[in-house]
There are 2 protein chains.
Amino acid sequence: MPTEIKEQIRKYFHRYVPFDDKELEEFCSCLRTATYKKKEYLLKEKEICRHKFFIASGLVRSFYTDRNGNEQIVQFGIENWWVTNMESFVKESPSEVNIQALEDTRVYMLSKGSLESLYVTIPKLERLFRMITEKMLIAIQRREGYYMKMSSKERYEFMLNEIPDFVQRVPQYMIASYLEITPEYLSELRKKK
Amino acid sequence: MPTEIKEQIRKYFHRYVPFDDKELEEFCSCLRTATYKKKEYLLKEKEICRHKFFIASGLVRSFYTDRNGNEQIVQFGIENWWVTNMESFVKESPSEVNIQALEDTRVYMLSKGSLESLYVTIPKLERLFRMITEKMLIAIQRREGYYMKMSSKERYEFMLNEIPDFVQRVPQYMIASYLEITPEYLSELRKKK
């Protein structure tokens, strides 16, 4: 078990619930490391999502392809975020979303079987993932709320304020897709800044 | 503690994690019962959501008021569902949504303080609410996915198939709001059935 992985996970877990060395060792021994080149897929539509992916470094996006064949981005994931398609992971059903690396990305993968065993041997993982799932749910609901409450200009400004680094790292047309505005309108908003 | 409450909660919990009598007794002793007449609010925008509401009987809706003053329904809740505004509940911040009774509704209310204490005394509640939160997240993501993948006609037909009773109990203009279609178009779809 590389110390580096254990240290990254320790720091991340500590935000929620402190884990001792033995627990961390056990948890990390269940992780599998994988790397994806920019543009490679962690998950493709119709595949079953067999893992929760912890982004160790890099950047990914989750997106649907709508019935007109357009890509609609619903989530970005950066360092120290979990990314998965929850429905596919929980029900072992075909995923409706794609997850794709936008930069060279390194992940720690946790399978459903491993996680279920870990819940039994380290029960405080239930608390950890209860809190993480609440946070994911809040993120989705916030996005939904902003879309209803804010104009597209306000949404862009909000995004710039909340996650400025992020806006730099993601191609502009993807920011536009996430904000549900046209790339032309985004470019106009940027010029006004 | 009325036996009726304990029995309803027992049955509901049993879908996820079995609870023994003592645990159920302790959990139920933290619940407060409240009733809301049709059209009364369980939670109003800008208030802090201090409870998770378990719908014992009746029907509620969660909705945003968008920047044009239109109501946008994001969730319905019926018997044996938990309803809350997660962000407001977790962060004790002002809610962006309203929760309103659509029928005379009876709820069991669980406060944040009680829930935090219960997590300590009955740790398996972590597992229960981890699973319930996953289910809520899946419901939101499914709705998002359907909106992108399906035409409004397909969305309506899907809703009719999945939750037929529900469609009967909710006023048509609210179904239209939830499906993000006009009431006129919904009426046209119904005529074709």
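Note: the structure precedes this text.
Now for a quick tour of the structure. (Residues numbered from 1 in each chain as written. Chains lettered and ligands numbered in written order. Predicted model: local features only at pLDDT ≥ 70, side-chain atom pairs only at ≥ 80, totals over all residues. Heavy atoms only, no water.)

## Some thoughts on the relation of the copies chain A and chain B
Between chain A and chain B, which share one sequence, the superposing operator has a rotation angle of 180 degrees and an axial displacement of 0.0 Å; the RMSD is 0.0 Å. Here the transformation between the copies is reduced to the relation of a two-fold axis. The position closest to the rotation axis in chain A is occupied by the C-alpha of R130 of chain A, lying 2.0 Å away. A symmetric contact is evident, with 100% of the interface residues of chain A recurring at the interface of chain B. (Least-squares fit on C-alpha atoms with pLDDT ≥ 70 in both. Contact = heavy atoms within 4.5 Å.)

## Quick look at the environment of E26 of chain B
All names here are of chain B. Counting through the fold element by element, E26 comes out in helix α2 (residues 21-29). Owing to a relative accessible area of 29%, E26 belongs among the partly exposed residues under this scheme. With 162 residues separating them along the chain, E26 and E188 place their C-alpha atoms 51 Å apart. Sequence-distant contacts of E26, that is, excluding residues within four places in its chain, are made with L118, T121 and I122. At 2.8 Å, the side chain of E26 forms a polar contact with the side chain of T121. (Helix = DSSP H or I, 4+ residues; strand = E, 2+ residues; numbered from the N terminus. Buried < 20%, exposed > 50% of the residue type's maximum accessible area, 1.4 Å probe, protein only. Polar contact = N/O pair within 3.5 Å; in protein donor to acceptor, adjacent residues only side chain to side chain.)

## Brief notes about the interface of chain A and chain B
Between chain A and chain B, the residue contacts involve 34 residues of the former and 34 residues of the latter. Between chain A and chain B lies a buried interface of about 3600 Å² when both sides are counted; carbon and sulfur atoms form 56% of it. Among the residues chain A hides against chain B, the three largest losses belong to R130, M148 and K149 of chain A. Together they make up 20% of the total. For the pair chain A and chain B, the number of links is nine salt bridges. Taking the shortest distance from any N to any O, the salt bridge between E126 of chain B and R130 of chain A comes out at 2.8 Å. Where chain A meets chain B, there are eleven residue pairs in polar contact (both at pLDDT 80 or more). Mapped onto the side of chain A that touches chain B, the elements with two or more residues apiece are β4 (59-65), β5 (71-78), α3 (86-91), α4 (112-121) and α5 (124-149) of chain A. Take the side of chain A that touches chain B: its biggest share by element is 17 residues, from α5 of chain A. (Buried area = accessible area lost by both parts, 1.4 Å probe. Salt bridge = Lys/Arg side-chain N within 4 Å of Asp/Glu carboxyl O.)

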